[in-house]
Structure formats: C-alpha cells, structure tokens
Amino acid sequence: EIDYRIATPLRHAGGPTKVNFVDVVLGDDDLRSYILAEKYGIFSTPTLLWLDENSRVSGAGTGNLPQGLIEVNTLSLVSGEPLPYSNAVLPGADIIERSPGFLSKLR
C-alpha cells in the first residue's frame, strides 16, 4: 500500500521509481515481525520508519501520516538531506499490546 500511495507522486517529483518497504504486522504468529518490532522499537501501529542504506533509522512516523509528509521525508532521505519530519506522532495510532509470552517468541 505504501509503495502504491507514493510511487507516482515521487516519480513526478524526480524521486525514486521504487520504494522498498517491509510490512510489519503484529498480532499474528509471524516471528519476523516480532523481531523487527523489537529491533526498531515499534510500539504502535501504523508506524513508518525511514532507514538509510545501512538500515539505521533516519526518521519515524506513527499514526495517520499525510501523503505529503511521507513524500517529503522519502525524497529528503533519497537526496541525502535531513528529514523535515523525523519524529512525527499523529492521531490514529494504536498501542501494540505485548502478550506475556512476547519475549519468548524472540528466543
């Protein structure tokens, strides 16, 4: 969905034609999603992370992020510029409830 939402506007703005993203879905038994959530400190959904080429977090946004914010952050990251909205928290986010056995899934 993210690729679909921003691919055309980014292309028109001279940005990348393909955006790589990883969908982390919590609440099911997907161990990979739990590992990524723990690694990057994801505690609410939806959360969008902007990662540099070394997989370091350059910025994060949670909640119902507007299209323009997603586009300008992505273009800035690709251009090597600081993200204008590096820590955006907006309404629409749900806290992820960790079950008592959450950490045992990571072992």
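Keep in mind that what you see is a predicted model, and the values were worked out from it rather than measured.

Scoring rules and cut-offs
Residues numbered from 1 in each chain as written. Predicted model: local features only at pLDDT ≥ 70, side-chain atom pairs only at ≥ 80, totals over all residues. Heavy atoms only, no water. Salt bridge = Lys/Arg side-chain N within 4 Å of Asp/Glu carboxyl O. Buried < 20%, exposed > 50% of the residue type's maximum accessible area, 1.4 Å probe, protein only. Pairing = 2+ DSSP bridges. Helix = DSSP H or I, 4+ residues; strand = E, 2+ residues; numbered from the N terminus. Axes fitted to C-alpha atoms, helices over the stretch in contact; angles between N-to-C directions. Contact = heavy atoms within 4.5 Å. Arc of directions from axis to C-beta. Core = buried A, V, L, I, M, F, W, Y, C linked by side-chain atoms within 4.5 Å. Polar contact = N/O pair within 3.5 Å; in protein donor to acceptor, adjacent residues only side chain to side chain.

S.K.: Any chance you could break down the pattern of salt bridges for me, citing the residues and the numbers?
M.R.: If you walk through the whole model with that rule in mind, you get one salt bridge. Between Asp52 and Arg56 there is a salt bridge; the shortest N-O distance is 3.1 Å. Residue Asp52 is classed as buried on the basis of its relative accessible area, which comes to 18%.

S.K.: So what about the sheet that holds strand β4 (residues 87-89)? Which residues, and what values?
M.R.: The strand order β2-β3-β4 describes an open sheet built from three strands, whose pairing is mixed. Pairing within the sheet leaves two strands with one partner each, and these edge strands are β2 (47-51) and β4. The average angle at which neighbouring strand axes cross in this sheet is 10 degrees, direction not considered. Where strand β3 (residues 57-62) and β4 come together, three bridges link them in parallel fashion. Paired with Thr62 across the strands is Val89, a residue of β4. Packed on one face of the sheet, helix α3 (residues 67-79) meets β2, β3 and β4 and runs near 15 degrees to β2.

S.K.: An account of helix α2 (residues 31-40) is requested, with residue identities and associated values reported.
M.R.: All of the buried residues along α2 are Ser33, Tyr34, Leu36, Ala37 and Tyr40. One side of α2 holds all its buried residues, which, seen down the axis, span an arc of 165 degrees. Just past α2, the residue Gly41 takes up positive phi, approximately 65 degrees.

S.K.: I'd love a proper account of the nonpolar core, names of residues and values included.
M.R.: Listed in full, the seven residues of the largest apolar core are Leu48, Trp50, Leu65, Leu69, Ile70, Leu83 and Ala88. Contributing elements (two or more residues each) for this core: β2 and α3. Leu36, Tyr40, Ile42 and Ile96 belong to the second-largest nonpolar core, a separate cluster that totals five residues.

S.K.: Please set out unusual backbone geometry residue by residue, giving values where relevant.
M.R.: The phi angle of most residues is negative, glycine excepted, and most peptide bonds adopt the trans form. For Ser55, which is not glycine, the phi dihedral falls at a positive 65 degrees. Mapped onto the fold, Ser55 is located in the loop between β2 and β3.

S.K.: Give me the side chain of Thr62: which residues, what numbers.
M.R.: Tracing the backbone through its elements, the reader meets Thr62 in strand β3. Residue classification places Thr62 among the buried residues on the basis of a relative accessible area of 11%. Here Ser44 takes part through its side chain, which lies 2.8 Å from a polar atom of the side chain of Thr62. Those residues in contact with Thr62, other than ones at most four positions away along the chain, are Ser44, Pro46, Thr47, Ala88, Val89, Leu90 and Ala93.

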